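Inside the fold
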Amino acid sequence: MFFPQKQDARLRKKIYLDESPGVPLTDIWDDLPPIHASAAERLGYPTQKPVALLERILSASSNPGDVVLDPFCGCGTTVHAAEKLGRQWIGIDVTHLAIGLIEKRLRDAFPEVAFTTHGVPQDIDGARDLATRGKYHEFEKWALSLIAAQPGNLSRKGADKGIDGNIWFGPKSEGRAIVSVKAGDNVGVAQVRDLRGVIEREGAQIGIFLTLTPPTKPMVTEAAAAGQFDLDGFSPVPRIQIVTVDEAMKLHHRAVDLPARRDDAFRKAAREARPDNQGRFDL
């Protein structure tokens, strides 16, 4: 008890933080705002949730070292929070767009992170299998993720107008490279010409022809005939670039030659520091 000096003052009781159980958490959380369009945390995924929300849920329901499962992990907010809080985790999603984003997000936020991705092609035979199993759009998104390109039409509503993906480049993001993905065996000069027509129509500077099947000599000649693109202060690069999926699997974004490339098809997640001061629950 705290006894005041004045006789007419009231007695007070001091309660120290380490002696108080605290206030039970309610089921109404109005102190965690949603991620608005210009938030630094936003990566560009349509249903992204705040990391703070998942941190609170995991901190209240699990201990460090526990395994967290998110069977519909989307852009990976749950696994991000689990990694940050020292939990083991398993994330599952059916789209290669989500998987590619989660891999990038984790490596950006936790440079030393170690994980294994199952269900994605590990070699060129796996890539062909994905392309021939009636999963062309998933193959396309996976192929785009190899070179860090943003899908041209995330919803797949309406025609893509020859634009499967985009890569932005230049000091002020003034450059645009349009990506065309081809998974079939019947690739030829006409498709290279089509891509050239698309970049001219769209006012883009570069076209990337990403193909599962190696190009023919006439295709290479046609691409070379498109000339080069010059950006002040940088070396010229081919205006039409043919990249095989095999090359993209080995080199990833380095398979594409762009001046002052921006590697942010989706925004880069901020680097995280793992807290180590959480206590344990008797769970």
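Note that the structure is a prediction, hence the values are computed from the model and not measured. (Residues numbered from 1 in each chain as written. Predicted model: local features only at pLDDT ≥ 70, side-chain atom pairs only at ≥ 80, totals over all residues. Heavy atoms only, no water.)

On to the overall build of the protein. Counting secondary structure elements, the protein contains eight helices and nine strands. The C-alpha atoms of the protein give a radius of gyration of 25 Å, which is well past the 19 Å a tight globule of 283 residues would have. For the C-alpha atoms alone, the extent of the protein along its principal axes is close to 100 × 40 × 35 Å. Taken over 283 residues, the protein has a buried fraction of 41%. In the protein, 61% of the contacts between residues at least 6 apart in sequence involve partners at least 24 apart. For the protein, the accessible surface area stands at approximately 16900 Å², while carbon and sulfur atoms represent 53% of it. Charged side chains in the protein number 37 positive and 38 negative. The centres of these two groups are separated by 4 Å. (Helix = DSSP H or I, 4+ residues; strand = E, 2+ residues; numbered from the N terminus. Rg over C-alpha atoms; globule rule 2.2 N^0.38 Å. Buried < 20%, exposed > 50% of the residue type's maximum accessible area, 1.4 Å probe, protein only. Contact = heavy atoms within 4.5 Å. Areas by Shrake-Rupley, 256 points an atom, 1.4 Å probe, with all protein chains shown as cover. Lys, Arg positive; Asp, Glu negative; His and termini not counted. Charge placed at Lys NZ, Arg CZ, Asp CG, Glu CD.)

For the rest of this paragraph, the subject is unusual backbone geometry. Phi at Ala148 is positive, roughly 60°, even though this residue is not glycine. Along the chain, the position of Ala148 falls in the loop between helix H5 (136–146) and strand S3 (150–151). Accessibility expressed as a relative area gives 22% for Ala148, which makes it partly exposed. Unusually for a residue other than glycine, His252 sits at a positive phi of about 55°. Checked against the element boundaries, His252 lands in the segment after helix H8 (245–251). For His252, a relative accessible area of 38% translates into the label partly exposed.

With respect to the element layout, His80 can be found in helix H2 (residues 77–84). With relative accessibility at 3%, the residue His80 sits in the buried group. Ignoring anything within four residues of it in the chain, the contact list for His80 reads Val51, Arg105, Leu106, Ala109, Phe110 and Glu272.

Applying the stated criterion to the full structure yields four aromatic pairs. Between Phe169 and Phe229 the ring centres are 5.9 Å apart and the planes differ by 75°, which places this aromatic pair in the edge-to-face class. With a gap of 60 residues between them, Phe169 in strand S4 (residues 165–169) and Phe229 in strand S7 (residues 228–229) connect regions that are remote in the sequence. No difference in accessibility class separates Phe169 from Phe229, as the two residues are buried. The ring of Trp29 is capped by Arg56, whose NZ or CZ atom sits 5.1 Å from the centre of that ring. (Phe/Tyr/Trp six-rings, centres within 6.5 Å; stacked < 30°, edge-to-face > 60°. Lys NZ or Arg CZ within 6 Å of the ring centre and 35° of its normal.)

Applying the stated criterion across every chain, the model contains 13 salt bridges. Of the charged contacts in the structure, one is a salt bridge between Lys84 and Glu55, with a shortest N-O distance of 3.0 Å. Taken together, the residues Lys84 in helix H2 and Glu55 in helix H1 (residues 51–61) connect sequence positions 29 residues apart. Assigned by exposure class, Lys84 and Glu55 land together as buried. A network of salt bridges, in which partner residues are shared, links Glu55, Lys84 and Glu272. (Salt bridge = Lys/Arg side-chain N within 4 Å of Asp/Glu carboxyl O.)

Moving on, we come to a nonpolar patch on the surface. A cluster of nonpolar side chains, Val67, Leu69, Ile90 and Ile92, forms an exposed patch at the surface whose accessible area comes to about 360 Å². Position of Ile92 among the secondary structure elements: in the loop between strand S2 (88–91) and helix H3 (96–109). (Patch = residues over 30% accessible without salt bridge, like charges linked within 9 Å, V, L, I, M, F, W, Y side chains within 5 Å.)

Grouped together as the largest cluster of nonpolar side chains are 33 residues, with contacts concentrated most on Phe139, Trp142, Ile147, Val179, Leu210 and Val245. When residues of this core are traced back to their parent elements, those giving at least two are helix H4 (124–132), H5, S4, strand S5 (175–182), strand S6 (206–211) and H8. Ranked by residues supplied to this core, first place goes to H5 with five residues. Discounting residues that sit within four places of it in the chain, Val245 has contacts with Ile124, Ala127, Phe139, Trp142, Leu146, Leu210, Thr211 and Leu212. (Core = buried A, V, L, I, M, F, W, Y, C linked by side-chain atoms within 4.5 Å.)

A few words on the packing of H1 against H2. Between H1 and H2, the least distance of the axes is 9 Å, while the angle of their chain directions is 60°. Considered as vectors, H1 and H2 are oriented oblique to each other. For the crossing formed where H1 meets H2, the hand is right-handed. In this structure, H1 contributes Val51, Leu54, Glu55 and Leu58 to the contact, and H2 contributes Thr77, Thr78, His80, Ala81, Ala82 and Lys84. (Axes fitted to C-alpha atoms, helices over the stretch in contact; angles between N-to-C directions. Parallel < 35°, antiparallel > 145°, perpendicular 65-115°, else oblique. Left-handed = near helix turned anticlockwise from the far one by under 90°.)

Time to look at the pairing of S2. The sheet contact formed by strand S1 (residues 67–70) and S2 spans four bridges and is parallel. Along S2, the bridge assignment pairs Val68 with Trp89. (Pairing = 2+ DSSP bridges.)

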